[in-house]
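A closer look at the structure
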Amino acid sequence: MKPSIYDFDFDGLTELMVANGFKKFHGDQIFQWLYRRRVTSFDDMTDLSKPLRQWLNDSLSCQPLTVLARQVSRDGTRKYLFGLSDGSSIETVLMHYDYGDSVCVTSQVGCNMGCTFCASGLLKKQRDLTSGEMCQQVMMVQKDLDADGVRLSHIVVMGTGEPFDNYDNVMRFCATVNHDHGLGIGARHITISTCGLVPGIRRFSDEQVQYNLAVSLHAPSDALRQRLMPVAKVYGLEELMDALRYYVSKNNRRLSFEYILLAGVNDTDECVGQLAKLTKGFDVYVNLIPYNSVKEKDYASSSDKQAMLFYDKLMTAGVRCTLRQKHGDDIDAACGQLRSRYERSRQG
């Protein structure tokens, strides 16, 4: 199988050109054809010489992902099921906000983190995605938006998988979509989410890049977090918060905590107090997220009334937070849900 052109970031592409007897500027030309003009055939790169186009066709692939399914919610959320060249499938989600359009990117085929409420873990991790496979998710969504004259404004790496378990590919992906000669998505409009892999947080801290860091917290105590998230049995809250203090000391950036609201589980008065204590002294926003039900999981979303009450009590306790609107609750909205259903139907 030929390597994918999308697996090369800008510097890698220019180096590839020079190493094979072409000019450095050819890498820049190809990069812009891919990400600005969004072509999916080397033959369409009309300002390249015929010998270069022939070499590209012989040596590399720019084959787009296959669209296996596409769901559109009444709120405009779009969920895509893409097929990869090896026959695997992955999900990508487009969400509309007042501030723009955001795409949620998957970083692994399956997930081994095992969060008890999440559909992603219904199918275990098969492999990491390459940086190119992550780039292609974004490009497929952007090409869909091109028909409406709309440009993606934000990228979140919050889909299936743990980004810091695929660190190098995720960082190469971010560099590609951020590059000025490509999509030019601002670094502060790119967010990487982790369930709490402490070594990855510390490594990311030392990069001192401008990408946002979000932590999937979901519980304010070790006891509850360990019930919900197996990673908490390896990296407890004390160790996690120490890593986040290190991140802040190196980057002076605000943190985001993702907090899915589970009825009667983590939306209690006790949780309000614990969350206020945990976040004291941090520049942090807590994103309260309505839960999209998964039939294989025994959890329900907090009611609208309880979610608003929890939000009000957190704000009164001095915890800055937002209550995210529901997205795609009339389609397979939960992360991993559409893929799980598709894969099980294939297996009969």
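The structure this text deals with has already been given above.
Below, the structure is looked at part by part. (Residues numbered from 1 in each chain as written. Predicted model: local features only at pLDDT ≥ 70, side-chain atom pairs only at ≥ 80, totals over all residues. Heavy atoms only, no water.)

Attention now moves to the overall build of the chain. Scanning the chain from terminus to terminus reveals eleven helices and twelve strands. In terms of C-alpha radius of gyration, the chain reaches 21 Å, essentially the compact-globule figure of 20 Å for 348 residues. Seen through its principal axes, the chain has C-alpha atoms that stretch 70 × 50 × 35 Å. Considering the chain as a whole, with its 348 residues, one finds that 57% of them fall into the buried category. Here the contacts in the chain between residues at least 6 apart in sequence split such that 67% fall between residues at least 24 apart. If you sum the accessible surface of the chain, you get close to 15,200 Å²; carbon and sulfur atoms cover 47% of it. Charge-centre separation for the chain: the mean point of 41 positive side chains lies 0 Å from the mean point of 42 negative side chains. (Helix = DSSP H or I, 4+ residues; strand = E, 2+ residues; numbered from the N terminus. Rg over C-alpha atoms; globule rule 2.2 N^0.38 Å. Buried < 20%, exposed > 50% of the residue type's maximum accessible area, 1.4 Å probe, protein only. Contact = heavy atoms within 4.5 Å. Areas by Shrake-Rupley, 256 points an atom, 1.4 Å probe, with all protein chains shown as cover. Lys, Arg positive; Asp, Glu negative; His and termini not counted. Charge placed at Lys NZ, Arg CZ, Asp CG, Glu CD.)

Quick look at the packing of helix α4 (residues 131–146) against helix α5 (residues 167–178) now. Put simply, α4 and α5 touch, their axes get as near as 8 Å, and they point 45 degrees apart. It follows from the interaxial angle that α4 and α5 lie oblique. The chirality of how α4 crosses α5 is right-handed. Only N169, V170, R172, F173, T176 and V177 of α5 make contact with α4, whose side of the interface consists of S131, M134, C135 and V138. A breakdown of the residues in the contact of α4 with α5 according to their chemical character gives six nonpolar, three polar and one charged. (Axes fitted to C-alpha atoms, helices over the stretch in contact; angles between N-to-C directions. Parallel < 35°, antiparallel > 145°, perpendicular 65-115°, else oblique. Left-handed = near helix turned anticlockwise from the far one by under 90°. Nonpolar A, V, L, I, M, F, W, Y, C, P; charged D, E, K, R; others polar.)

Moving on to α5. With twelve residues, α5 should cover 16 Å at 1.5 Å per step; its first-to-last C-alpha distance of 16 Å lies within 8% of that length. Restricting attention to buried positions, one finds in α5 the residues Y167, N169, V170, M171, F173, C174, T176 and V177. At its buried positions, α5 is contacted by α2 (24–35), α4, β7 (154–157), β8 (190–194) and α6 (198–207). (Expected span 1.5 Å × (residues − 1).)

This model, assessed by the stated rule, comprises eleven aromatic pairs. Ring centres 5.6 Å apart and planes at 40 degrees place the aromatic pair F164 and F204 in the tilted group. Of this pair, F164 sits in the loop between β7 and α5 while F204 sits in helix α6, and the two are 40 residues apart along the sequence. Judged by relative accessible area, which is 8%, F164 ranks as buried. Ring centres 6.4 Å apart and planes at 80 degrees place the aromatic pair Y291 and Y299 in the edge-to-face group. (Phe/Tyr/Trp six-rings, centres within 6.5 Å; stacked < 30°, edge-to-face > 60°.)

With that settled, consider α6. Inspection of α6 places V198, G200, I201, F204 and S205 among the buried residues, and these make up the whole buried set. Looking straight down α6, one finds that the buried residues subtend no more than 160 degrees of arc, so they occupy a single side. On its buried side, α6 packs onto α5, β8, β9 (212–216) and α8 (237–251). (Arc of directions from axis to C-beta.)

To continue, consider the side chain of S120. Mapped onto the secondary structure, S120 falls in the loop between β5 (108–109) and β6 (127–128). A polar contact of 3.3 Å, which involves the side chain of S120, links it to the side chain of T160. (Polar contact = N/O pair within 3.5 Å; in protein donor to acceptor, adjacent residues only side chain to side chain.)

Turning next to the environment of R70. Looking at the secondary structure, you find R70 in strand β1 (residues 66–72). In sequence terms R70 and E91 are 21 residues apart; their C-alpha atoms lie 9.7 Å from each other. Sequence-distant contacts of R70, that is, excluding residues within four places in its chain, are made with R78, K79, Y80 and D144. Engagement of the side chain of R70 in a polar contact is seen with the side chain of D144, the distance being 3.0 Å.

A separate point is the sheet that holds β1. Pairing is mixed in the open sheet, where ten strands are placed in the order β1-β2-β3-β4-β7-β8-β9-β10-β11-β12. On the outer flanks of this sheet lie β1 and β12 (321–323), each paired with one strand and no other. Recorded for the sheet is a direction-independent mean angle of 20 degrees between the axes of neighbouring strands. The sheet contact formed by strand β4 (residues 100–104) and β7 spans three bridges and is parallel. Paired with V103 across the strands is I155, a residue of β7. Of the strands in this sheet, β9 and β10 (255–261) touch α8, which is tilted by about 145 degrees from β10. (Pairing = 2+ DSSP bridges.)

Once that is clear, we can look at the nonpolar core. Core analysis: the biggest nonpolar cluster contains 105 residues, and F117, F173 and L244 have the highest contact counts within it. Among the elements that take part in this core, α4 stands out by supplying seven residues, more than any other. With residues up to four places along the chain from it excluded, the contact list for L244 reads I201, L213, V215, L255, F257 and F282. V93, Y97, C104 and V156 belong to the second-largest nonpolar core, a separate cluster that totals five residues. (Core = buried A, V, L, I, M, F, W, Y, C linked by side-chain atoms within 4.5 Å.)

All right, on to the pairing of β8 then. For β8, the buried fraction is high: five of the five residues fall into the buried class. Along β8, one buried face is formed by I190, I192 and T194 and the opposite face, lined by T191 and S193, is buried too. In this region the chain leaves β7, passes through α5 and returns to the parallel neighbour β8; the handedness of that crossover is right-handed. Taken together, the four bridges between β8 and β9 define a ladder with parallel strand orientation. Within β9, the position partnered with I192 by the bridge is L213. (Right-handed = clockwise from strand over helix to strand, strands pointing away.)

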